[in-house]
Structure formats: C-alpha cells, structure tokens
4 protein chains.
Amino acid sequence: MLDYQAILEEIYESVTNVENKGEVAAYIPELANVPKDKFGINLQLITGENYSVGDSAEKLSIQSISKVLSLTKAFQLVGNKLWDRMDVEPSGNPFNHLSLLELENGIPRNPLINSGAIVVADILLTHLKNPKEDFLNFVREISHDHTICFNNKVAESERLTGYNNYAAANLLKSYGNLYNNVEDVLDFYFHQCSIAMDCKQLTNAFFVYANKGKCLKNRQHLTASQVKRINAIMLTCGFYDEAGEFAFEVGLPGKSGVGGGIVALLPQCFTIATWAPGLNPQGNSYLGMQALEQFTTKTQLSIF
Amino acid sequence: MLDYQAILEEIYESVTNVENKGEVAAYIPELANVPKDKFGINLQLITGENYSVGDSAEKLSIQSISKVLSLTKAFQLVGNKLWDRMDVEPSGNPFNHLSLLELENGIPRNPLINSGAIVVADILLTHLKNPKEDFLNFVREISHDHTICFNNKVAESERLTGYNNYAAANLLKSYGNLYNNVEDVLDFYFHQCSIAMDCKQLTNAFFVYANKGKCLKNRQHLTASQVKRINAIMLTCGFYDEAGEFAFEVGLPGKSGVGGGIVALLPQCFTIATWAPGLNPQGNSYLGMQALEQFTTKTQLSIF
Amino acid sequence: MLDYQAILEEIYESVTNVENKGEVAAYIPELANVPKDKFGINLQLITGENYSVGDSAEKLSIQSISKVLSLTKAFQLVGNKLWDRMDVEPSGNPFNHLSLLELENGIPRNPLINSGAIVVADILLTHLKNPKEDFLNFVREISHDHTICFNNKVAESERLTGYNNYAAANLLKSYGNLYNNVEDVLDFYFHQCSIAMDCKQLTNAFFVYANKGKCLKNRQHLTASQVKRINAIMLTCGFYDEAGEFAFEVGLPGKSGVGGGIVALLPQCFTIATWAPGLNPQGNSYLGMQALEQFTTKTQLSIF
Amino acid sequence: MLDYQAILEEIYESVTNVENKGEVAAYIPELANVPKDKFGINLQLITGENYSVGDSAEKLSIQSISKVLSLTKAFQLVGNKLWDRMDVEPSGNPFNHLSLLELENGIPRNPLINSGAIVVADILLTHLKNPKEDFLNFVREISHDHTICFNNKVAESERLTGYNNYAAANLLKSYGNLYNNVEDVLDFYFHQCSIAMDCKQLTNAFFVYANKGKCLKNRQHLTASQVKRINAIMLTCGFYDEAGEFAFEVGLPGKSGVGGGIVALLPQCFTIATWAPGLNPQGNSYLGMQALEQFTTKTQLSIF
C-alpha cells in the first residue's frame, strides 16, 4: 500500500524549496496581492480517505477551474446541443486566442478557453432562472458544502479590467454566437470565476468526475458517458497551450486557474487539488505542475 | 484636350448597364435601405473646372472615407508621434483583422483599417476640446461647406450593432493602446463615420491631397510632406485587402467606404468621387471601382 | 464478463451497413486503388485472448501509424534530448501545418505531425547504422513477426508525389532542424510509412504501450515512464486536428494513418486495431472512428 | 532647375557618414563577403541626362530586383492569364511567407515575393525556348547592354543553401501551381537572381517603366497599360513587408534586392538606382532607403 501522507509530505518538502516560484497573476488587481509562497495539496481517494499538506484549507480564487463546473451544468441542461456552438479541439495556440475565433467564424475551439467559457455562460444565462444563484447552488451541491461563495470584489475587479474578455464577448456577438447581452454574460462569467474554494472543497467538487458521475454522497449528477467526455476535454484542453505538456508530464485530466489552483483526477481512484499562486509563462501554477508531476511519478498512478 | 464631361457620360452609360451591382452593406441597418441603383460621379480639376453625372448631389454616408480626414486631423495635432501607436503597412489580410492586432501586440497595421482608425479617434478625443464638434468643423473648413453634418441615426444604428468595433476597441484597451474610455472613443468613431456628404463635397474635401495641402480657397492645411505621406497610405491601405487591386486597375490614391462612396485623386491634377451603394465581397463599391478603372484607362491619367 | 467476440460482431454489423464510408486517400497513387469496403478489427487483451472480425488479416499500409514506432525508437536512442528539436503540444491546426512550423521557427509542434516525424526520421538516420533495416528489425521484434516488410512500391509512389513532405523537410532544413540530407531523410520516412501490417500485427506491435513497456513475449522494451509519455502524446496528438474529438468520443490513446488503419489501447487492458480505407475530411478512417466509439461505449472501457 | 549632381553628392556625404549600415545578407555565402561600406547612386532622367556618385559602376547581385524583369517578360508572354496563378495584393506579412501560401491554397500573394516569382519562373520555363539564354537576352535588350551576365557562382551558392525556396517550390507543386520540375524551375530562378549589374545598368533597364514602355533607344517593349500595372505592383509589393514604409517615406515605385540594390522611378521623369550592401531587418538596403528618402524630400519629386 502507498503511504499517501508521506508522499504528499515529500512533495511539500521538495516543492517549497524550489527557488523559482513563478509570478502571481498581475492583471487581476485583486489577485495580485496573494503571497506567492502559499502552497497546499488535498488528496481525496475514491475509497473515502483524505490527505492534506500545507495551505490546503485556505481559500483561493478558482478562476478558470470554474469552467469545468459551468460546462458540466450546461451539458446537463442542453446535452449535445452544446457542440453546435463550440468545438472540443485543443486550441494549440500560445499567442492569440481571438485570431482562432475569427478564423473559425465565432465557434470557440473548446469550452475551456475563455471564448468557449463565455458561450457556456451565455447558455447558462438562457437556461437558469436565477443564473448566479442557481449556478452557485449547483457548485455547493456537488461539493456538499453550502459555505462556498462568490468573491464580489474579485468579480468587480475583473469587470473593470477584463478588456480581453469584453473583446471576446463582442467578437462572439458579432458572429451571432452570443444570445444574451454582453454585460449580462460577462457579469455572470466574472462571478463564476470569482468563486473562492480551498483545496479540500475542490477535491470534493471534482469527485463526480472520478466516480462515474456520483458525488461524495453517492448521488448521480452526470452519466458515465458525460463524465468520460468532460474528462477527455480536461485532458486535451485543460491547460491552455500546455495541455500536451501536462498530459505528458502528469498524465491526468485536470484544470488550472490563474488563481494558482489546479485540480486533477484519476477515474475510479482519486481527485487531487494543489494551490500555489505563482504562475509559469503559460499561466499555469508553477509549483502545482511540479507537485502533480512528482505525485504521478512517485505513485505510478496516471491514466496512461 | 480631354472632354471630361463626355468621358463621365460614357462611363455612366457603361456602368449603369452592368447587371451585377454588388450588395448594399446589410450589417448597418440604417444603410441597408439605400437603393442599390444610385450612381454618381463628381470630378474636380485642380484648375477649377468641375464635372458631374448621375446622383452626384445626393448625400451618402461617408463611413470609412472619414478615416482619411480623421488621420489628417490627428497628423496635424501630434505629427510623427502618431506612428508610435500604429504602423503604415498594408494589412494584406482578407479574413481576420483582429488576428493581426493580436499578433502585433495591439499595434494596428495602419490608420485606415478599423483598429487603426479607432486609435486615431482616441487621439482626437484626447487632443480636441469638443471632439465631435471640432472634427466636424475641420471637415467643413477644408470642404468650404458648413452644411455638412453627422447623421445621428446612422451613428446610433452602428452603436447598437457594431460588436466587431467594440471587440477591436476592447482588444486595443487590453494592450494599453487606447487611452480614453471605450464607449467615448466609439461614440466619436461612429459619429465620424456617419457624416453625410455628396460627391461634390467629397471632391472639395479631398482637394487638399491633390493640391500639396492647400484647399480650394488656397489656404494651406497640410505641408507637402504630410500630403505625400497621407496619399501614400491611401494608395497602400485605402481599399482593405483590395488595395493592390485598386492600385493595379486604377492607379490612384483613394479611399472607399461601405456607404458605397470612393474618393480618389491625382496629385496636381484632380480629385474624383463616385457613389454606388452596392459593394463587392471585399467591401468596396462594385460600380465605383469599375467607373474609376474606366476613367484612368480612358484618360491615361494615373500616378503610374 | 464481456463477450468481446459478440461485441466485435455487433460493431461489424452496424458499421459495414453505414452508407458514407469516407473517401480513400487519393493523393498517394498506390493507395488510391484499395477497395473502400474493406473492414476489419483485431482486439488483443493484456491477458492473452485475441478476437477478430472482418478483414483483420489483410495487409494495410500503416502510414502515419509508423510515427509512433519511430518516435519510440528515437526516444530509446536519445531520451529527452528529443524535446530540444520538437514539442509535445497538439497542433490544433486544421488548415496549414507549415504555417505553424514557420511561426515557431522550425520546431514542430509534436512528433506525430509530418514535420515532427521528419525530424524523428532525421534522428534515426543519425543514430542507426543501417537505418531502414534496423528500424524494420525493431518493428519486427516488438511485434514478434519477422514477415513484416516495407512496400517499396508505396514508398516510391510517395517519393514521386510527396511535395508537401519535401516542402516540410526543406523548411526544417532552412531552420537548421534537419541534420541529414533532405533526400536521405525522406527516403527513410517514405519507407517507414510504407510498412504493410494487418490488424493482428498492429495489436501485437502496440502491446508494449498497454503493458508498461513489455511486449507479448514479456521482454521490456520501454520504461513505464516512457510508455506513459508516448501514450500521452498519442492521446493529445494522434489524430491530426481531430485529437480532441477522438479523446471525446473514444477516450483512448491511439494513432491513425491515411491507409485507413487506427490502433488504440487501454493501459493494462487491451490493444485494438481497425482497418477501413475510407477517410473522413480530417484524414482519419471514417468507419474506424465509429467502430472504436462503439467499442468503448459498449464496453465502458476507456481511460476516462 | 534642380542641380541633381549636387543633390546626389549631398546625399552621398550624409549617408556614408551614418554609423549603422545594416548587415550584409549572410544566408547566401557568395554575397556574405561583399564589403558593407560600398555605396553608389545612378540617376537617369527621362530627358537623357545621367548623374552618378560613389560605387555606381561596380557590379552588384541584383537578386530580387530581377523579379520585376521576369514579371515583365511573363506579362508580355501570357498577358492577364498571369493572374490566374497569382494575385496582386501586398503580402503584409513580416514573419511567414509560406503560411500565406498555405492559407491561400498555393496562390502567391503577388509576383514580387519569392513564391510568386517562382511561379513566374515556371511560366518563363514553359514559354521560352532557351529559358536562361532568352531571359538574359531580354534583360540585355531593354538595358542596351550586351555585357550583362549571370554570376554562376552566386547561382550555385543559392542552389546549395536555398532550402526556403525549395520549400516554397515544393509547396507550390503540392497545390498544382508549378508545372515544371522543381529543380528546373529553381535552376532558372537562382540564375535570374544571380544577374550582376551596376547602378547605371539598372537605371537603363528600368527606363521602360518610367517611359510608358519605351526603352532608352525609344523602342516600345510594353504598352502604357502594362507599365501602369507593373509600377502599381512595385509600389504596393516591392519592399517585402516594408512596402508601406517605402511608399510613405520615399513615394516611388521600386524594387529592392538582398544584394543591397534598390531601383525606383518616377513616371515621365527619372529612374534611380542605389547600392549599399548592408540590409535592415526587413531585408532592404539600409542606406539605400535613406538615400532615396532624402532624394524625394530634397527634390520634392514623388508620385504623391
């Protein structure tokens, strides 16, 4: 049997001693002040055991990690109609995401890049009665944690400086691939990104993807086939233009956020979340990537 | 001596009998209703003579033709500092103007594509006291015509549907290449595009570019060197991704607008304006291009 | 227990009745004559059982499937130095592979697109004594089948018409990322692509990737870590610009070739090969994709 | 009256004292050894006068300047059929010329970028009996100088290292836009580029473009309409991705070569050639650009 606690502690030791810790995302003012030496891991086994090290109980801004959750809700609501408005291919594009959108006539490459997630937000706005409240409740339910909240300051901070997201939303609108008002869609989008969760809450929330659609309380939220598809999208598209690198080094479906969080999972086995606010140039957590690479190398547990 | 009136009439005859007249721009609702068989030409010689055929005294929405006028005003105001914020190269890009902007880090290719003209509008907003009023007065002055006005309905129509321009402005903002508020810049921009002028007023306004910077009333508005540079930009960048084609077929500096207007000129010789609302797929007036090709072929007058 | 033979037969029944069977690759003259209603599957379980339907014992031209085998050999020979000369990211590029190569200064996106595989061929040429012979022997060994051969006619056919590969090789050379002579590298490359194998031989050859590096005869050819990495590359890059779609629909690492073959695998569980020469517009076997989607849906066996 | 000799001498003085003289093209070994402080100008007036300064009588490798001459010959031979195989739009592309070719399905943007000139060479190969000899004779005739020759060493040097041209030719071939053999087309192309001429010979050769198609000996080689079109192409496409800059600063149709030569002209007025081997990052002669800017500023002679 693997001694998971010992493995997490080894990783903690090794990773917190690394000198280059990346750079905290500066473009969202509210995130720029998070100390860059924060580091935590939470590991949730499918069998119920849970292990932690470091700052795993501190709240982080989940940011793009929320895209998996909004995709999940939209997939529940509209099923495969989702794919009329976006594709499932990796963007493979380090430099210019609006270019691709323009080249492909307003159809985002996948639901985990900004333009795709904005279309997903548009769909939720159309189908949910009280969009922000209903979405938050969905996140609370699959996580079994009713303390999870938006951080309105972070949402407001992004609204004031998120010009690139305004550009994407307007471009989508110009192609007829945004049905609601730009301001309304982005208000929802900035709120979903602002959700604050700690590593434990993240491994709880993502338990459904490791457990064929059933949450920790054994309730079925998604079919096995939906879970397979969402995991596939996480693997091929979850890390911006570093998706190939993450698959290659870590070998797990997962999703990162510019708040420094990463959550990943091995179907039928575990979910794991790391938090380290310093980012590499591709926008993924510098130490989180290293920690997860060490974890799958030490445990030899990966989908490959 | 050339019989200009006879030549214009021959062209009128030939061009109004063409079957394919192109398509009226549908994406600006207020323009969509202009009858597509309108056609007019005005020719203003440097020596003072003026010739007309067809609907040359009817008002058209000058749209992108205004970009030459706003560039001129901005060039007067800030001189070569202009080129810190945009380039002077043809975009050569039929398919995706935001892509280039992204690839080139928010520096528009030239002042006559939308993104470049939006930066020019931003500069005018910064340097003019009453931007809309002052700019309109400038246009009136070089045209010697104080009846020239904005069409507020057209401006409002573009504000409500100009998502692509909102995308461009927000993208510029995200790169730090827009100093004023997006809404304010676009309000100015949509107004400048909405100016209504007839072909005669257009040949008046562009007289400065044919006359080394002096207007019809012989007042110096630009230096000869500034005029040379603006004419060069018109030639290489004035017709979207058909700039090469227009140089090749017509051989004059000029500028087109989606309202169906084209104005062109031969330094020291003449300015000419055509109006035909149907556009070719590149967004230039279908009949206007043909009329100007015939004009330079018949008269053998071109810069080449 | 799953009745694999029954499942394969169901799939056979369903898939051979589909009307649209795709189009046989016309650009390689020698392949253009293969009848498009050929269809076969071979399934090799890790536990030793083997199942077949249809034309699974007929030879097909493995084409791009060979890129996984050449990558494997090069990885054995030079280890992680490989990644100095190419990346591991999906290309995400439906339209123009040379563009990316140019944009990224001669570093191919991954070893499974043509430009990457040409660099791999260059590496093998440098490190193998008798490159073609040694590589063929490697394929024979991991497959335990010494009847496997090049098809010289196919190789010659590609040499005469493979202008796009000549373009890629010369572009790589212009960036200094090809050390050997263009003709020599492409001669090797066209031969590796011309290898003829049937579905059974393909599941044998790919057994190492399902069995932590050990072949059917239990000999260790690769480390577990190397296998994990190659499987990750297959998943993110194995199907041109349809890699996301294959992960999404099928959920297995795999590789396709324009000869109509696909081979895929579930670590610790099975390897499976399909053959159906008709291709979809993305260049992957039309019926093969469907058969594998049905297989993972019916068996609920995927990496996700 | 302008004192042209004095103006040329002023420019000589000013330009030879500039510190940054650019870099000699290193990628063609035979050109890499040319001393970078060479500098010469020749000016040929339409009225017959001729003026020189500096190294204007030394031979330079005309390189891409030859593209105007080959275009002229092809235009004579096939007329407007030329435009079925290439376009007349500026490429506007600093970074990757093969990308555009791929994106536009093998149709080069214009005849003055490499891919376009290779198609022109292909046309000449098809239509000339003894292609190299016939083309050289054409150049000798319009220049009235039968001493003009290929430099076989330069041609051979390019053949051995011109991988990018091989890539372009093979890519054209893959799109069916090259009818002759790649080797044969490039052999012709490398020879046309290798022609050695001095500044005086260049102003002679380009006299036809300033004189409505008539050469110095008053023989008609091109129609006025053909001349207009070729001049238009020079203006919009003659300086790679600096065409806009050259039009803006200099305001003359012209063409540069990586041998450091530039030739430009004002219709009905003059032809001018400069030589300075150091290139700017865009591949145009660093001092030549400056000299021509000074010339049109001092003389106020430009097409604008």
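So, here is what we can say about the structure in this document. Source: prediction; values computed, not measured.

A closer look at the overall build of chain A
Part 1 of the argument: Of the regular secondary structure elements, chain A holds 13 helices and nine strands.
Part 2 of the argument: Taken over C-alpha atoms, the radius of gyration comes to 18 Å for chain A, in line with the 19 Å a tight globule of 304 residues would show.
Part 3 of the argument: In terms of its C-alpha atoms, chain A occupies a principal-axis envelope of roughly 55 × 40 × 35 Å.
Part 4 of the argument: Each of the 304 residues in chain A was classed as buried or not, and the buried ones make up 65%.
Part 5 of the argument: Contacts in chain A between residues far apart in sequence, at least 24 positions, make up 68% of those at least 6 positions apart.
Part 6 of the argument: About 10300 Å² of surface is accessible on chain A, with carbon and sulfur atoms providing 48% of the total.
Part 7 of the argument: Considering chain A, the positive charge centre built from 24 side chains and the negative charge centre built from 32 side chains are found 8 Å apart.

Observations regarding the relation of the copies chain B and chain A
Between the two chain copies there is a screw-like relation: a rotation about an axis and a shift along it.
Part 1 of the argument: With an axial shift of 0.0 Å and an RMSD of 0.0 Å, the rotation relating chain B to chain A amounts to 180 degrees. On this basis, the relationship between the two copies can be described by a two-fold rotation axis.
Part 2 of the argument: With an isologous cut-off of 70% or more, the 100% of interface residues of chain B that recur at the interface of chain A puts this contact in the isologous class.

Observations concerning the pattern of salt bridges
Part 1 of the argument: Under the definition given, this model contains 36 salt bridges over all chains.
Part 2 of the argument: Put simply, E58 of chain B and K38 of chain B hold a salt bridge, and the shortest N to O gap is 2.8 Å. Pair noted here: E58 of chain B is in the loop between β3 (50–54) and β4 (60–61) and K38 of chain B is in the loop between β1 (23–24) and β2 (40–45), with a separation of 20 residues, a long-range link.
Part 3 of the argument: Judged by relative accessible area, K38 of chain B falls into the buried class, the value being 18%.
Part 4 of the argument: Residues E249 of chain B and R229 of chain D are paired through a salt bridge, measuring 2.8 Å at the closest nitrogen-oxygen approach. Of this pair, E249 of chain B sits in helix α12 (residues 243–249) while R229 of chain D is found in helix α11 (residues 224–237), placing the two residues in two different chains.
Part 5 of the argument: For E249 of chain B, a relative accessible area of 21% puts it in the partly exposed group.
Part 6 of the argument: Judged by relative accessible area, which is 11%, R229 of chain D ranks as buried.
Part 7 of the argument: Ionic contacts of the salt-bridge type, sharing partners, join the residues R229 of chain A together with E249 and E293 of chain C into one network.

A word on the environment of V185 of chain A
Part 1 of the argument: Residue position: V185 of chain A is located in helix α8 (residues 182–194).
Part 2 of the argument: With residues up to four places along the chain from it excluded, the contact list for V185 of chain A reads I118, A121, D122, L125, L178 and N180 of chain A.

Quick notes on helix α5 (residues 131–143) of chain A
Because each turn of an α-helix spans 3.6 residues, side chains separated by three or four positions in sequence point in the same direction.
Residues and elements named next belong to chain A.
Part 1 of the argument: Its 13 residues place the ends of α5 18 Å apart at the C-alpha level, agreeing with the 18 Å of an ideal helix rising 1.5 Å per residue.
Part 2 of the argument: Those residues of α5 not exposed but buried are P131, F135, L136, F138, V139, R140, I142 and S143.
Part 3 of the argument: Of the surrounding secondary structure, the elements contacted by the buried residues of α5 are α2 (66–78), α4 (114–127), α8, β5 (196–197), α9 (199–205) and α10 (207–210).
Part 4 of the argument: A positive backbone phi angle near 55 degrees is found at H144, which sits one or two residues after α5.

Remarks on the packing of helix α4 (residues 114–127) of chain B against helix α8 (residues 182–194) of chain B
All names here are of chain B.
Part 1 of the argument: Following both chains from N to C, one finds α4 and α8 inclined at 110 degrees, their axes separated by 9 Å at the closest point. Looking at the two axes, α4 sits roughly perpendicular to α8. In this structure, α4 uses N114, A117, I118, A121, D122, L124 and L125 to contact α8, whose residues at the interface are D184, V185, L186, F188, Y189 and Q192.
Part 2 of the argument: When the residues that make up the contact of α4 with α8 are grouped by side-chain class, the tally is nine nonpolar, two polar and two charged.

Remarks on the sheet that holds strand β7 (residues 261–266) of chain A
The strands making up a sheet associate through backbone hydrogen bonding, with each pair oriented either parallel or antiparallel.
Residue and element names in this part refer to chain A.
Part 1 of the argument: Pairing in this open sheet of five strands is antiparallel, and the strands run β3-β2-β8-β7-β6 from one edge to the other. This sheet does not close on itself; its edge strands, each paired only once, are β3 (50–54) and β6 (254–256). Strand-to-strand twist of the sheet, defined as the mean angle between neighbouring strand axes without regard to direction, takes the value 5 degrees.
Part 2 of the argument: Sheet analysis places β7 next to strand β8 (residues 270–275), joined by six bridges and oriented antiparallel. Considered in β8, the bridge of I262 is made with T274.
Part 3 of the argument: Docked against the sheet, helix α13 (residues 286–299) engages β2 (40–45), β7 and β8, running at close to 150 degrees with respect to β8.

Structural notes on the interface of chain B and chain A
Part 1 of the argument: On the side of chain A, 15 residues touch chain B, which itself brings 15 residues to the contact.
Part 2 of the argument: Among the residues chain B hides against chain A, the three largest losses belong to E102, Y163 and N170 of chain B. Together they make up 39% of the total.
Part 3 of the argument: The interface formed by chain B and chain A includes zero salt bridges.
Part 4 of the argument: Taken together, the elements giving at least two residues each to the side of chain B that touches chain A come down to α3 (97–103) and α7 (163–174) of chain B.
Part 5 of the argument: Top contributing element to the side of chain B that touches chain A by residue count: α7 of chain B, with eight residues.
Part 6 of the argument: In terms of residue class, the side of chain B that touches chain A is built from seven nonpolar, six polar and two charged.

Quick word on the packing of helix α7 (residues 163–174) of chain C against helix α8 (residues 182–194) of chain C
Residue and element names in this part refer to chain C.
Part 1 of the argument: The interhelical angle for the contact between α7 and α8, taken along N-to-C directions, is 135 degrees, at an axis separation of 10 Å. Taken as axis vectors, α7 and α8 run oblique relative to one another. The two elements α7 and α8 cross, and the hand of that crossing is right-handed. Residue-level inspection shows N165, Y166, A169, N170 and K173 of α7 in contact with α8, the latter providing V182, E183, L186, Y189 and F190.
Part 2 of the argument: Of the residues contributing to the contact of α7 with α8, the split by class is six nonpolar, two polar and two charged.

What to know about the relation of the copies chain A and chain C
Part 1 of the argument: For the pair chain A and chain C, the superposition axis carries a translation of 0.0 Å, the fit reaches an RMSD of 0.0 Å, and the rotation angle comes to 180 degrees.
Part 2 of the argument: With an isologous cut-off of 70% or more, the 100% of interface residues of chain A that recur at the interface of chain C puts this contact in the isologous class.

Some words on a negative patch on the surface
Part 1 of the argument: On the surface, a cluster of negative charge is made up of E183 and D184 of chain A together with E183 and D184 of chain B.
Part 2 of the argument: Elements that contribute at least two residues to the negative patch include exactly α8 of chain A together with α8 of chain B.
Part 3 of the argument: By secondary structure assignment, the location of D184 of chain B is in helix α8.
Part 4 of the argument: Judged by its relative accessible area of 44%, D184 of chain B is partly exposed.

So, how was this worked out
Residues numbered from 1 in each chain as written. Chains lettered and ligands numbered in written order. Predicted model: local features only at pLDDT ≥ 70, side-chain atom pairs only at ≥ 80, totals over all residues. Heavy atoms only, no water. Helix = DSSP H or I, 4+ residues; strand = E, 2+ residues; numbered from the N terminus. Rg over C-alpha atoms; globule rule 2.2 N^0.38 Å. Buried < 20%, exposed > 50% of the residue type's maximum accessible area, 1.4 Å probe, protein only. Contact = heavy atoms within 4.5 Å. Areas by Shrake-Rupley, 256 points an atom, 1.4 Å probe, with all protein chains shown as cover. Lys, Arg positive; Asp, Glu negative; His and termini not counted. Charge placed at Lys NZ, Arg CZ, Asp CG, Glu CD. Least-squares fit on C-alpha atoms with pLDDT ≥ 70 in both. Salt bridge = Lys/Arg side-chain N within 4 Å of Asp/Glu carboxyl O. Expected span 1.5 Å × (residues − 1). Axes fitted to C-alpha atoms, helices over the stretch in contact; angles between N-to-C directions. Parallel < 35°, antiparallel > 145°, perpendicular 65-115°, else oblique. Nonpolar A, V, L, I, M, F, W, Y, C, P; charged D, E, K, R; others polar. Pairing = 2+ DSSP bridges. Buried area = accessible area lost by both parts, 1.4 Å probe. Left-handed = near helix turned anticlockwise from the far one by under 90°. Patch = residues over 30% accessible without salt bridge, like charges linked within 9 Å, V, L, I, M, F, W, Y side chains within 5 Å.

Just geometry here; none of it tells us what the structure is for.
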